[in-house]
Amino acid sequence: MNKFKNPQNGYEETANGAFTWLWCLLFGFLYFLVKGNIVHALISFFLAMFTFGLSHLIYPFFVYGINRRKYLKNGWVTVKEAV
């Protein structure tokens, strides 16, 4: 499980949980809205409309990479967890 930390305020967010792919599969573009990723929420919504929902079966495979890139692009740093 990867955690990211906002260096400005110390807030930590998890990029992938055990069921991240499941939440994306069940809720589609709403998952990205909750995560604050407006661009992928719009892309997911329009792809679902044009593919009659088929894209909701493919998008969950990429949700971890999408979330990870979002945090890194916004300047968040990876938190190393102690084992």
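Please refer to the structure higher up on the page.
Residues numbered from 1 in each chain as written. Predicted model: local features only at pLDDT ≥ 70, side-chain atom pairs only at ≥ 80, totals over all residues. Heavy atoms only, no water.

Some details on the packing of aromatic side chains
Phase 1 of the analysis: Counted by the stated rule, this structure contains eight aromatic pairs.
Phase 2 of the analysis: Between the aromatic rings of W23 and F27, the centroid separation amounts to 6.0 Å while the plane-to-plane angle is 20°, which identifies the pairing as stacked. A residue pair is termed a helical-turn pair when its members lie 3 or 4 positions apart in one helix, as W23 and F27 do in helix α1 (residues 20-27) at four residues.
Phase 3 of the analysis: In this structure W23 comes out as partly exposed when scored by relative accessible area, which is 42%.
Phase 4 of the analysis: An aromatic cluster is defined as three or more aromatic residues linked by ring pairs; in this entry it consists of F4, Y11, Y71 and W76. (Phe/Tyr/Trp six-rings, centres within 6.5 Å; stacked < 30°, edge-to-face > 60°. Helix = DSSP H or I, 4+ residues; strand = E, 2+ residues; numbered from the N terminus. Buried < 20%, exposed > 50% of the residue type's maximum accessible area, 1.4 Å probe, protein only.)

Comments concerning the nonpolar core
Phase 1 of the analysis: Counting seven residues, the largest nonpolar core is built from C24, Y31, F32, A41, Y59, V63 and I66.
Phase 2 of the analysis: Of all the elements in the fold, those that place two or more residues in this core are α2 (29-35) and α4 (63-73).
Phase 3 of the analysis: Look past the residues within four positions of I66 in its chain and what remains in contact with it is F32, N37, H40 and Y59. (Core = buried A, V, L, I, M, F, W, Y, C linked by side-chain atoms within 4.5 Å. Contact = heavy atoms within 4.5 Å.)

Observations concerning unusual backbone geometry
Phase 1 of the analysis: With a phi close to 55°, F52 is a non-glycine residue in the positive phi region.
Phase 2 of the analysis: Along the polypeptide, F52 turns up in the loop between α3 (38-50) and α4.

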